[in-house]
Amino acid sequence: MVDQLNLNTGALREEIAGYINMPETGDYAADCATGRRFADAIISRMSTDAGLPMLASVTRGAVDLGRWTPMHAGFYQRIAEHCVRLA
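Along each chain, the written sequence defines residue order, and numbers are assigned to residues from 1. Note on the predicted model: pLDDT of at least 70 is required for a residue's local features to be given, and 80 or more for side-chain atom pairs to be given and counted; whole-chain, interface and lining totals, by contrast, use all residues. Based on all heavy atoms of the structure, the side-chain values leave hydrogens and waters out of the count.

### Things to note about the overall build of the protein
- Helix and strand assignments follow DSSP, with helices taken as H or I runs no shorter than four residues and strands as E runs no shorter than two, numbered in order from the N terminus. Check the secondary structure of the protein and you find 4 helices and 0 strands.
- When the helices and strands of the protein are listed from N to C terminus, the series reads α-α-α-α.
- For the protein, the proportion of its 87 residues judged to be buried stands at 34%.
- Two residues qualify as a contact provided that any one of their heavy atoms is within 4.5 Å of a heavy atom in the partner residue. For the protein, contacts bridging at least 24 residues in sequence account for 70% of all contacts bridging at least 6.
- Per-residue and other accessible areas follow the Shrake-Rupley method at a 1.4 Å probe size, with only the shown protein chains counted as cover for residues. Carbon and sulfur atoms make up 60% of the accessible area of the protein, which totals about 5300 Å². A 1.4 Å probe rolled over the protein chains alone gives each residue an accessible area, and that area as a share of the maximum for its type sets the label: buried under 20%, exposed over 50%, partly exposed in between.

Right, here's the structure in full:
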């Protein structure tokens, strides 16, 4: 079970902001790969701590900022691949 109090820590807020504000390089393939690596980091945490709420926070942050970059495409591609593998 996720410890909801851990969601309020400064370190976790910083980590979520890092996923939301992924840096762009201008190279579509490289940026997609970066997004996939960020997704891998969240996926690895989903069963142990704040991964699921983090995913929701990342999604909300991207929507709130009105950003859709190659990193976001790679990020959600990896999340989808993981879901399909588990189905």
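### So, the nonpolar core
- Throughout, nonpolar core names a set of buried Ala, Val, Leu, Ile, Met, Phe, Trp, Tyr and Cys residues whose side chains join them through atoms within 4.5 Å. If you look at the biggest cluster of nonpolar residues, it comprises 11 residues: Ile16, Met22, Ala39, Ile42, Ile43, Met54, Leu55, Val58, Met71, Phe75 and Ile79.
- For this core, the secondary-structure elements that each account for two or more residues are helix H2 (28–45), helix H3 (51–65) and helix H4 (70–86).

### Side note on the environment of alanine 39
- Within the fold, alanine 39 resides in helix H2.
- When the C-alpha atoms of alanine 39 and leucine 55 are compared, they prove to be 8.8 Å apart, with 16 residues separating the residues in sequence.
- The residues contacting alanine 39, other than those within four sequence positions of it, are Phe75, Arg78 and Ile79.

### With respect to H4
- Helix span, expected: 1.5 Å multiplied by one less than the number of residues in the helix. The terminal C-alpha atoms of H4, which comprises 17 residues, lie 25 Å apart, in line with the 24 Å expected from a rise of 1.5 Å per residue.
- All buried positions along H4 are accounted for by Pro70, Met71, His72, Gly74, Phe75 and Ile79.

### Side note on the pattern of salt bridges
- Salt bridge criterion: a side-chain nitrogen from Lys or Arg within 4 Å of a carboxyl oxygen from Asp or Glu. Going through the model one piece at a time under the given rule, you end up with 3 salt bridges.
- In this structure, the salt-bridge partner of aspartate 40 is arginine 78, at a minimum N-O distance of 2.8 Å. Pair noted here: aspartate 40 is in helix H2 and arginine 78 is in helix H4, with a separation of 38 residues, a long-range link.
- In this structure, arginine 60 engages aspartate 64 in a salt bridge whose closest nitrogen and oxygen atoms are separated by 3.8 Å. In this pair, arginine 60 and aspartate 64 both sit in helix H3, 4 residues apart, roughly one turn of the helix.
- Judged by its relative accessible area of 59%, arginine 60 is exposed.
- Judged by relative accessible area, aspartate 64 falls into the exposed class, the value being 57%.
- Linked through salt bridges whose partners overlap, the residues forming this network are Asp40, Arg78 and Glu81.

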